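So the chains spell out like this:
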Amino acid sequence: MESFDVIVVGAGIVGLATAYHAQKSGARVLVLDKGATGYEASSRATGYLSLRGETPEECALAQVAEKLWDELDEELGYPTEWTQKGRLWAAIDDGELAELKATFQSFQATDIGFEFIDAKACRDLIPALTDKTLGGIYTPRAGHANPQRTTQAFAWAFLDRGGEIREHTPVLSVLEKGGAVHGVRTTRGDIHAGTVVLCAASHTTKLLEPLGIVFPLAPVRLEAFVTAPLPPLFEEAFIAHGLAVRQTRRGNIHVNGGPFEWIDVDVTGEPAKPTTPLVRNIAQRLVEVFPVLRKAQMLRSWAGIVDITPDTMTLIHSFDTPRGLVAASASGHGFGMAPAMGVAIADLALQGRTELPIGDLTLDRFASLPGDWRRAWNWQAGNINT
């Protein structure tokens, strides 16, 4: 049987960041994915640093990631297009303004330095915003990067250090004996490792079920699109009207958000990712926020499957039983958190502990979660959140 020190299941940005740091630390690491590298949640990322206030428990780890982002191009040796020009959450109707003001209370629970600004200040930052803008939350500390380039940068840097990635190799189960993992079973045979790290989005839930472990994730299909390149409009990471919008270095407007559909997944199959009529709703919202984009040409659209925890926070857990097993989900925040998550998860995989602040992000917080939580949350397959 083939043997590695660490097997990472999932070639998204979190799995690749973990593999990179473990390989850099001297371990022999194999990454397995049932599809292509960076093809699911990482392909659907907007590219924002997750320096936010909605979930204060994540802020300490996000601030670690902020420091790592500044050095990431040099660390990996490949460009990520990272830029730190701040982040604005804006409201364009009374309901959104009331919601932002309520959310701002949790932002103030952090030490990041958010401020609530009026409509004029919002439009001073981004003059292309609609004149219906009523106010927003701003921080100068956030930033964004190119999701495809960054995921590929981690993959190339991992390979440069001698790591191995095997695409289109579904993992069928985690092998366990005597209270410890000893590898994985794939469609191409068994592979041995004393440590297995699951960063496989909602497939992680399926892989842990036979071990009697409840790892609560719900898969959701989200759509995105980009426009043809346009003259510079703004540099900030921007959130409004249920959308995340950034302008790329080449001038494309990259849009995520709007309505999304809950789905189910299995261990080996690839979920369908059609472009649906929901894209029209996303485009309409974009024009309502930026009327100047009314005649912008859509270049392409796509979808990705994102794993969401019941409280929409990052989840990182190292198991005592079976030993050698670590699992993680970023709940839609993986892109921005990945530089720090990769360090923390690699620490757990190789040393069994980490100095990074993940104490509030373990599986323990779901000890009393009801078994039918997806039905209770109305997150069952086929339902659409608007």
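Residues numbered from 1 in each chain as written. Predicted model: local features only at pLDDT ≥ 70, side-chain atom pairs only at ≥ 80, totals over all residues. Heavy atoms only, no water.

Asker: Hey, could you go over the overall build of the protein chain for me, with residue numbers and the actual values?
Answerer: When you go through the protein chain residue by residue, the secondary structure sums to 11 helices and 18 strands. For the protein chain, the C-alpha radius of gyration of 20 Å lies close to 21 Å, the compact-globule estimate for 386 residues. Judged by the C-alpha coordinates and their principal axes, the protein chain covers about 65 × 45 × 40 Å. Within the protein chain, the fraction of its 386 residues that count as buried is 57%. Long-range pairs, those at least 24 residues apart, make up 74% of the contacts in the protein chain with a sequence separation of at least 6. Here the protein chain has roughly 15800 Å² of accessible surface; of this, 49% comes from carbon and sulfur atoms. With 35 positive and 45 negative side-chain charges, the protein chain shows a separation of 5 Å between the mean positions of the two kinds. (Helix = DSSP H or I, 4+ residues; strand = E, 2+ residues; numbered from the N terminus. Rg over C-alpha atoms; globule rule 2.2 N^0.38 Å. Buried < 20%, exposed > 50% of the residue type's maximum accessible area, 1.4 Å probe, protein only. Contact = heavy atoms within 4.5 Å. Areas by Shrake-Rupley, 256 points an atom, 1.4 Å probe, with all protein chains shown as cover. Lys, Arg positive; Asp, Glu negative; His and termini not counted. Charge placed at Lys NZ, Arg CZ, Asp CG, Glu CD.)

Asker: Talk me through the side chain of His 317; I want residue IDs and the actual numbers.
Answerer: Checked against the element boundaries, His 317 lands in strand E16 (residues 315-319). Separated by 3.0 Å, the side chain of His 317 and the backbone nitrogen of Leu 363 make a polar contact. The residues contacting His 317, other than those within four sequence positions of it, are Leu 325, Val 326, Ala 327, Thr 362, Leu 363 and Asp 364. (Polar contact = N/O pair within 3.5 Å; in protein donor to acceptor, adjacent residues only side chain to side chain.)

Asker: Residues and numbers for the packing of helix H3 (residues 59-70) against helix H10 (residues 334-351), please.
Answerer: Axis separation between H3 and H10 bottoms out at 8 Å; the angle between their running directions is 95 degrees. Relative to H10, H3 is oriented roughly perpendicular. Contacts from Leu 61, Ala 62, Val 64, Ala 65, Leu 68 and Trp 69 in H3 reach Phe 335, Gly 336, Met 337, Pro 339, Ala 340, Met 341 and Val 343 in H10. A per-class count over the contact of H3 with H10 returns 12 nonpolar, 1 polar and no charged. (Axes fitted to C-alpha atoms, helices over the stretch in contact; angles between N-to-C directions. Parallel < 35°, antiparallel > 145°, perpendicular 65-115°, else oblique. Nonpolar A, V, L, I, M, F, W, Y, C, P; charged D, E, K, R; others polar.)

Asker: I'd like to hear about the packing of aromatic side chains, residue by residue, with values.
Answerer: Enumeration according to the criterion identifies 15 aromatic pairs in this entry. An angle of 85 degrees between the planes, with centres 5.0 Å apart, marks the rings of Trp 89 and Phe 107 as edge-to-face. Here Phe 107 lies in helix H5 (residues 94-107) and Trp 89 lies in strand E3 (residues 87-91), a separation of 18 residues in the sequence. Here Trp 89 matches Phe 107 in class, with each residue buried. (Phe/Tyr/Trp six-rings, centres within 6.5 Å; stacked < 30°, edge-to-face > 60°.)

Asker: Explain the environment of Phe 366 residue by residue, including any values.
Answerer: Summarising the element assignment, Phe 366 is placed in the loop between H10 and helix H11 (373-377). Considering only alpha carbons, one finds Phe 366 and Asn 252, 114 residues apart in sequence, at a separation of 40 Å.

Asker: Can you break down the environment of Phe 290 residue by residue, with the values?
Answerer: Secondary-structure assignment places Phe 290 in the loop between helix H9 (278-289) and strand E15 (298-308). Setting aside its immediate chain neighbours within four residues, Phe 290 contacts Ile 126, Ala 128, Leu 129, Phe 234, Phe 238 and Val 245.

Asker: Outline the pattern of salt bridges, listing residues and values.
Answerer: Using the criterion set out here, one finds 14 salt bridges in the structure. Where Lys 24 meets Glu 75, a salt bridge forms, and the shortest distance between an N and an O atom there is 2.7 Å. Of this pair, Lys 24 sits in helix H1 (residues 13-24) while Glu 75 sits in helix H4 (residues 72-76), placing them 51 residues apart in sequence. Of the charged contacts, one joins Arg 185 and Asp 190 as a salt bridge, the two residues approaching to 2.7 Å between their closest N and O atoms. Residue class for Arg 185 comes out partly exposed when judged on its relative accessible area of 39%. A network of salt bridges, in which partner residues are shared, links Glu 2, Glu 164 and Arg 166. (Salt bridge = Lys/Arg side-chain N within 4 Å of Asp/Glu carboxyl O.)

Asker: Break down the nonpolar core for me, with residues and values.
Answerer: If you look at the biggest cluster of nonpolar residues, it comprises 59 residues, and the most contacted ones within it are Leu 61, Met 341 and Ile 345. No other element matches the 10 residues that H10 contributes to this core. Not counting residues up to four positions away in its chain, the partners in contact with Leu 61 are Ile 316, Met 337, Ala 340, Met 341, Leu 356, Pro 357, Ile 358 and Leu 361. Membership of the second largest hydrophobic core comes to 26 residues, among which are Tyr 48, Cys 122, Tyr 138 and Ala 240. (Core = buried A, V, L, I, M, F, W, Y, C linked by side-chain atoms within 4.5 Å.)

Asker: Outline the packing of H1 against helix H7 (residues 147-160), listing residues and values.
Answerer: Close contact between H1 and H7 brings their axes to 9 Å; oriented N to C, the two are set at 30 degrees. Taken together, H1 and H7 sit at an angle that is classed as roughly parallel. The hand of the H1/H7 crossing is left-handed. Contacts from Ile 13, Leu 16, Ala 17, Ala 19, Tyr 20 and Gln 23 of H1 reach H7 at Thr 150, Thr 151, Phe 154, Ala 155, Ala 157 and Phe 158. (Left-handed = near helix turned anticlockwise from the far one by under 90°.)

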